[in-house]
Amino acid sequence: MTLVYLNGPVDLDAGYQSVANASNSSTLRATFLGGSYNFGNVKAYAGFHNARQSDGSINKDVYKGYPLRTKFSHAEISGLARSFRRDLAVGNRVCLDGLFEQ
């Protein structure tokens, strides 16, 4: 299931899925939330993703905050992003900062 809201500079998205394995002994549930706001030449994004397996083998959260994208010319786009991943099933965390040019 996916829900989308678009109104002017605002874009909000939400999604959910639930999938059982072949033997129907475990279910993967995933939730997706995200949005963006277009300030004109700069666009800001935020997002969250969670995946959990009912048997406990998967339990992950991914957060994306303050990603920014700006357009310098018609074909040139640059951006800055930060992503944080937490895997509760194995107890590790990762933080990633990035700069991209397109």
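The structure under discussion appears in the preceding block.
Residues numbered from 1 in each chain as written. Predicted model: local features only at pLDDT ≥ 70, side-chain atom pairs only at ≥ 80, totals over all residues. Heavy atoms only, no water.

Here's the deal with the pairing of strand 2 (residues 10-20)
Piece 1. The pairing of strand 1 (residues 2-7) with strand 2 spans 6 bridges and is antiparallel. Residue pairing for strand 2: Leu3 is matched across the bridge by Ala14.
Piece 2. Adjacent in sequence and paired antiparallel, strand 1 and strand 2 are bridged by 2 residues, among which Gly8 carries a positive phi angle near 60 degrees.
Piece 3. Examined bridge by bridge, strand 2 and strand 3 (residues 27-38) share 11 bridges and lie antiparallel to one another. Bridge pairing links Asp13 to Gly34 in strand 3.
Piece 4. The antiparallel pairing of strand 2 with strand 3 creates a hairpin that spans 6 residues between the two strands, and Asn24 there sits at a positive phi of about 60 degrees. (Pairing = 2+ DSSP bridges. Helix = DSSP H or I, 4+ residues; strand = E, 2+ residues; numbered from the N terminus.)

Section: a nonpolar patch on the surface
Piece 1. Among the surface-exposed residues, Met1, Leu3 and Tyr16 lie close enough to one another that they form a single nonpolar patch of about 360 Å² accessible area.
Piece 2. With respect to the helices and strands, Tyr16 occurs in strand 2.
Piece 3. You can call Tyr16 partly exposed: its relative accessible area is 35%. (Patch = residues over 30% accessible without salt bridge, like charges linked within 9 Å, V, L, I, M, F, W, Y side chains within 5 Å. Areas by Shrake-Rupley, 256 points an atom, 1.4 Å probe, with all protein chains shown as cover. Salt bridge = Lys/Arg side-chain N within 4 Å of Asp/Glu carboxyl O. Buried < 20%, exposed > 50% of the residue type's maximum accessible area, 1.4 Å probe, protein only.)

Brief notes about the packing of aromatic side chains
Piece 1. Scanning all chains against the criterion turns up 1 aromatic pair.
Piece 2. A centroid spacing of 4.7 Å and a plane angle of 55 degrees characterise the contact between Tyr37 and Phe39, whose relative ring orientation is tilted.
Piece 3. Overall, Tyr37 belongs to the partly exposed group, its relative accessible area being 36%. (Phe/Tyr/Trp six-rings, centres within 6.5 Å; stacked < 30°, edge-to-face > 60°.)

What to know about the side chain of Asn50
Piece 1. Here Asn50 lies in strand 4 (residues 42-53).
Piece 2. Looking at Asn50, its side chain comes within polar contact range of the side chain of Asp61, at 2.4 Å.
Piece 3. Beyond its immediate chain neighbours, meaning those up to four positions away, Asn50 contacts Arg29, Ala30, Thr31, Asn59, Lys60 and Asp61. (Polar contact = N/O pair within 3.5 Å; in protein donor to acceptor, adjacent residues only side chain to side chain. Contact = heavy atoms within 4.5 Å.)

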